[in-house]
Amino acid sequence: MSIKENLNHIKSELPPHVTLVAVSKTKPVSDLMEAYHAGQRVFGENKIQEMVEKYEQMPKDIEWHMIGHVQSNKVKYMAPFVRLIHGVDNIKLLKEINKEALKNNRIIDCLLQIKIAEEDTKFGMTITEAQELIKSKAFSELKNIRIVGLMGMATFTEKLDQIKKEFTLLKTTFDSFKTIESFNFKPETISMGMSGDYQLAIECGSTMIRVGSSIFGERNYN
Ligand SMILES: *Cc1c(COP(=O)(O)O)cnc(C)c1O
């Protein structure tokens, strides 16, 4: 099937409250433009350099989401235009994003990445760490960032019951965090679900899915 057909197929199944982020990492601009012409306006990349190059070449009504691990020293390159940063997992990075957002006279929206997978991953915070961060004085001083929700990645497994348990944990955490609201913490978005598990993620409360290979085909990392 073509990129357009894949997109239309996925979109026809989505409830209206769910945003589709088309994950275009490793794919050429021509593929992204095919999705753009089919009406897609939200794209996700996991490398800052690659996202900047695509941003420069593509129409300016696109929302660019950074879905990968962010290195502090590269935040400045995306600060002028990035719409949402999904994988924020420490205060040091948030401070850097805040600094670069201020330079650009912007408020940058971010999601806190929560460790929900059973497998050992380097990225993401525990629920307690996230709670402490949101309530900290350091966080309350950041005026140019806003945490608008949570992001999580389930364990890479075929076991649906385990994935479901992990997605449900993120949803429960999100609901419990809703009571914390402050000027820079406004939880609205739960980013969970990829090509293999987005239907389940939506059943578990996802409001934003990050889908790559089901739209653009398998990736080739050479
Ligand atoms: C690559 C990636 C995706 C998309 O994965 P697919 O299985 O191709 O849909 C989603 N989220 C993150 C964080 C990714 O790095």
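Keep in mind it's a predicted model, so treat the numbers as computed, not measured.

Asker: What is the right way to look at the overall build of the chain in this model?
Answerer: A count of helical and extended segments in the chain gives ten helices and eight strands. The principal-axis extent of the C-alpha atoms belonging to the chain is close to 50 × 45 × 35 Å. Of the contacts made within the chain by residues no fewer than 6 positions apart, 61% connect residues no fewer than 24 positions apart. When the accessible surface of the chain is summed, it comes to about 11,000 Å², and 51% of that surface belongs to carbon and sulfur atoms. Mean positive and mean negative side-chain charge positions of the chain (30 and 29 charges, respectively) differ by 6 Å.

Asker: Help me understand the site of the ligand, please; the structure alone is not making it clear to me.
Answerer: Taken together, the residues surrounding the ligand are Val23, Lys25, Ile67, Met153, Met194, Ser195, Arg210, Val211, Gly212, Ser213 and Arg219. The side chain of Ser195 places a nitrogen or oxygen atom 2.5 Å from an oxygen atom of the ligand. Within the contact set of the ligand, an oxygen atom lies 2.8 Å away from a side-chain nitrogen or oxygen of Arg219. Against a free-state accessible area of 390 Å², the protein chains account for coverage of 89% of the ligand.

Asker: How do you make sense of the packing of helix α6 (residues 127-135) against helix α8 (residues 160-177) when you look at a structure like this?
Answerer: What describes two packed helices is the angle between their axes and the distance between those same axes. Axis separation between α6 and α8 bottoms out at 12 Å; the angle between their running directions is 25°. One element, α6, and the other, α8, form an angle in the roughly parallel class. You can see that α6 and α8 cross each other, and the crossing is right-handed. On α8, the residues that touch Ile127, Ala130, Gln131 and Ile134 of α6 are Leu169, Thr173 and Phe177. Partitioned by chemical class, the residues of the contact of α6 with α8 number five nonpolar, two polar and no charged.

Asker: Looking at this model, I keep getting lost on unusual backbone geometry. Mind explaining?
Answerer: Keep in mind that most residues, glycine aside, have a negative phi and that most peptide bonds are trans. Phi at Thr26 takes a positive value of approximately 70°, unusual for a residue other than glycine. For Thr26, the position within the fold is in the loop between β1 (19-23) and α2 (29-37). Of note in this structure, Asn105 is not a glycine but carries a positive phi near 55°.

Asker: Please explain the side chain of Arg210 as it appears in this structure.
Answerer: With respect to the helices and strands, the residue Arg210 is situated in strand β8 (residues 208-211). Those residues within four positions of Arg210 in sequence are excluded, and the remaining contacts are Val21, Val23, Ile67, His86, Met151, Gly152, Met153, Ser191, Met192, Gly193, Met194 and Ser195.

Asker: So what exactly am I meant to see when it comes to the pairing of strand β3 (residues 63-66) here?
Answerer: On a regular strand, each side chain points to the face opposite its neighbour's, so the side chains alternate between the two faces of the sheet. Bridge analysis of strand β2 (residues 42-45) against β3 gives four bridges, and the strand direction is parallel. Paired with Gly44 across the bridge in β3 is His65. The β-α-β motif built from β2, the intervening helix α3 (residues 48-57) and the parallel element β3 has right-handed crossover chirality. Sheet topology note: the β3/strand β4 (residues 84-88) ladder contains two bridges and is parallel. Across the sheet, residue Met66 finds its bridge partner in β4, namely Ile85.

The rules behind these values
Residues numbered from 1 in each chain as written. Predicted model: local features only at pLDDT ≥ 70, side-chain atom pairs only at ≥ 80, totals over all residues. Heavy atoms only, no water. Helix = DSSP H or I, 4+ residues; strand = E, 2+ residues; numbered from the N terminus. Contact = heavy atoms within 4.5 Å. Areas by Shrake-Rupley, 256 points an atom, 1.4 Å probe, with all protein chains shown as cover. Lys, Arg positive; Asp, Glu negative; His and termini not counted. Charge placed at Lys NZ, Arg CZ, Asp CG, Glu CD. Near = heavy atom within 4 Å. Polar contact = N/O pair within 3.5 Å; in protein donor to acceptor, adjacent residues only side chain to side chain. Axes fitted to C-alpha atoms, helices over the stretch in contact; angles between N-to-C directions. Parallel < 35°, antiparallel > 145°, perpendicular 65-115°, else oblique. Left-handed = near helix turned anticlockwise from the far one by under 90°. Nonpolar A, V, L, I, M, F, W, Y, C, P; charged D, E, K, R; others polar. Pairing = 2+ DSSP bridges. Right-handed = clockwise from strand over helix to strand, strands pointing away.

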